[in-house]
Amino acid sequence: MQFSDLIDTKKQGKALSEAQIHFWIEGYVKGWIPDYQVSALCMAIYFQGMNKQEIAWLCEAMLYSGEVMDLTEIAGKKADKHSTGGVGDKTSLALAPMVAACGGKIAKMSGRGLGHTGGTLDKAEAISGFQVSLGKERFIQQVNAIGLALIGQSKHFVPADQLLYALRDVSGTVDSLPLIATSIMSKKLAAGADTILLDVKYGSGAFMHTPKQAKELAMVMIELGKHFGKDTRAMITDMNQPLGNAIGNALEVKEAIATLQGHGPKDFVELCLCAGSIMLVQSELAKDRTQARAMLQDSITSGKALAKLKALCEWQGGDVKQIADPSLLPQAEYVIPILAKQEGYVSMLHALRLGQLAMRLGAGRNTKEDRIDSAVGIVLHKKAGSQVHIGESLAYVHTNRPLEDAWLHDFYEAYEFRKEKPTISPLIYEIIE
Ligand code: URA
């Protein structure tokens, strides 16, 4: 079989066979097929799509490209959650400890930053020493001991996604429904949890632009999950503006800690409570979402959720002192306020542009080899719906280099104002159970 035939087949809009998909994944993982050919195929898939059968074969080939966790040694239902990616989306860092504090067992396989969106692994690694690669035994031992563990794809677990994810990130092939669905579901299935909650985002800062596209992606992933016998549910949520106020790795860790201390931003807290309540029902730890919400709120007020984050950090080699005192997390050299030059209500805050601006500060990667600067990012003071007066602070920029005029110009372009108070679309658009 020639790999160039696969590229031609897809370029012409035809379906790949099961044998071709296996040849691709095996050859890429074993290093026989070079990046440039795989990126050409991903681009062809981006334009031509894949049918349901091809998606199922690709997901299966990726899933079995490495080891699959058997979590039967962990008692109770094991829960996992995944977001399709957004700006300021630090949900897992607060949500996983909250659910674990309520008795949930979180066996989580996460990803790194992708395009303009951040990734849980990069955020966790902003904590000095935090290790995201754990062996199978250690992963199971940790979930048994503290109720949660967080790992990444590796050469052992879903190596196909590790390679494809990094390649897609720098080849303009992230926002493709079949590639997103198979990337997420191969990881979720390999991590071995019994229940999966998908947070499928739509809007300017998400890979899916409309609720309809997000729902289409959600349905494909739910079908994949169910095919493998998993209780798979989804939330469709708004990502037209960033989630919470912080964008950037260490800044997002700080916001997750603040949330577990009881003073998180309203939208972020709401997302964690909604996702957590679905997960607790899936885990059969609450009879309904109302009861689950009360349990999650209590995990914050009692300090149990914060204690879980500390335990997670301790077990994975992170510096727990940074959780107790977030000022010890990486700090940027300059913190620059950006003042409003216009007044009115913020009618739109473009998440995509803010994600790209954070990347330009060094918070994300442009090439596979780029190193992330954990300290840099943006903390928003005004979001969609906020009233703004001239001279008020719109945001603080945390940077290790002086800000260029072009950066500042683009920052102002991320805000749109109008005189009347705008109607803001709801954060949670739909829950598919
Ligand atoms: N998250 C993933 O794990 N993969 C994608 O392709 C997009 C978001």
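So, a few notes on the structure that sits alongside this text. What you see is a predicted model, and the numbers here were worked out from it, not measured in a lab. (Residues numbered from 1 in each chain as written. Predicted model: local features only at pLDDT ≥ 70, side-chain atom pairs only at ≥ 80, totals over all residues. Heavy atoms only, no water.)

**Regarding the sheet that holds strand β10 (residues 387–388)**
Neighbouring strands of a sheet are bound in pairs by backbone hydrogen bonds; such pairs are parallel or else antiparallel. We count it as follows: Here, any two strands with at least 2 DSSP bridges between them count as paired. Put simply, DSSP marks the helices as runs of H or I at least four residues long and the strands as runs of E at least two long, and each gets a number from the N terminus on.
On the basis of which strands lie adjacent, the open sheet formed by three strands has the order β10-β8-β12 and antiparallel pairing. With one partner strand each, in any of the chains shown, β10 and β12 (415–418) form the two edges of the open sheet.

**Remarks on the packing of helix α5 (residues 91–101) against helix α13 (residues 289–301)**
As a reminder of what qualifies: Interaxial angle, 0 to 180 degrees, is taken between N-to-C directions of lines fitted to C-alpha atoms, where a helix line uses only the stretch in contact. Here roughly perpendicular refers to angles of 65 to 115 degrees, roughly parallel to angles under 35, roughly antiparallel to angles over 145, and oblique to all remaining angles. Residues count as neighbours in contact if any of their non-hydrogen atoms are within 4.5 Å of one another. Side-chain classes follow a simple rule in which Ala, Val, Leu, Ile, Met, Phe, Trp, Tyr, Cys and Pro form the nonpolar group, Asp, Glu, Lys and Arg form the charged group, and the remainder, Gly included, forms the polar group.
Direction vectors running N to C along α5 and α13 enclose 105 degrees, while the axes themselves pass 9 Å from each other. The orientation of α5 with respect to α13, classified from their angle, is roughly perpendicular. Contacts from Met98, Val99 and Ala101 of α5 reach α13 at Leu296, Ser299 and Ile300. Here the contact of α5 with α13 is built from residues that sort into five nonpolar, one polar and no charged.

**Here's the deal with the site of the ligand**
We count it as follows: Note on terminology: near, applied to a residue and a molecule or strand, indicates that one of the residue's heavy atoms is within 4 Å of it. Within 3.5 Å is the distance limit for a polar contact, defined as a pair of N or O atoms, with the added protein rule that one can donate a hydrogen and the other accept it, and that residues adjacent in sequence qualify only through two side-chain atoms. Computed with the Shrake-Rupley method and a 1.4 Å probe, the accessible areas treat only the protein chains shown as cover for residues.
Every residue close to the ligand is listed here: His82, Ser83, Thr84, Leu114, Tyr165, Arg168, Ile180, Ser183, Ile184 and Lys187. Within the side chain of Ser183, one N or O atom sits 2.6 Å away from a nitrogen atom of the ligand. The separation between an oxygen atom of the ligand and a polar side-chain atom of Lys187 is 2.6 Å. In isolation the ligand offers 240 Å² of accessible surface; the protein chains occlude 97% of this area. Within the residue set of the shell around the ligand, elements represented by two or more residues are β1 (78–83), α8 (159–169) and α9 (177–190). Examining the composition of the shell around the ligand, we find that four residues originate from one element, α9, more than from any other. For the shell around the ligand, the per-class residue count stands at four nonpolar, four polar and two charged.

**As for the nonpolar core**
Side chains of a nonpolar character, in soluble globular proteins, are inclined to be buried together. Heads up, the rule is: For this analysis, a nonpolar core means a set of buried residues of the types Ala, Val, Leu, Ile, Met, Phe, Trp, Tyr and Cys, connected via side-chain atoms within 4.5 Å. Three exposure classes are used, based on accessible area relative to the maximum for each residue type with a 1.4 Å probe and protein chains only: buried under 20%, partly exposed in between, and exposed over 50%.
One finds Leu354, Ile378, Trp407 and Phe411 to be the most contacted residues of the largest nonpolar core, which totals 76 residues. For this core, the leading source of residues is helix α12 (residues 266–282), giving nine residues. Once you skip the residues sitting within four places of it in the chain, Leu354 turns out to touch Pro242, Ile247, Leu349, Ile378, Leu380, Phe411 and Ala414. Formed by 65 residues, the second largest nonpolar core is a distinct cluster that contains Trp24, Met50, Ile151 and Ile236.

**Here we look at the packing of aromatic side chains**
When we look at a pair of aromatic rings, we describe it by the centre distance and by the angle of the planes. We count it as follows: Any Phe, Tyr or Trp ring, taking Trp's six-membered ring, that has another such ring centre within 6.5 Å forms a pair; planes under 30 degrees apart are called stacked, those over 60 apart edge-to-face, and the others tilted. Geometrically, a lysine NZ or arginine CZ counts as sitting over a ring once it is within 6 Å of the ring centre and also within 35 degrees of the ring normal.
Inspection of the entire model under this criterion finds seven aromatic pairs. Judged by centre distance (5.6 Å) and plane angle (50 degrees), the rings of Phe411 and Tyr415 are tilted. Relative to Phe417, the ring of Tyr415 has its centre 6.0 Å away and its plane inclined at 15 degrees; by these criteria the two rings are stacked. Tyr415 gets classed as buried once you look at its relative accessible area, which sits at 5%. Connected via pairs of aromatic rings, a cluster forms that spans Trp407, Phe411, Tyr412, Tyr415 and Phe417. The positively charged end of Lys90 is found above the aromatic ring belonging to Phe268, 5.3 Å away from the centroid. Here Lys341 stacks its cationic end above the ring of Tyr412, 4.2 Å away from the centre of that ring.

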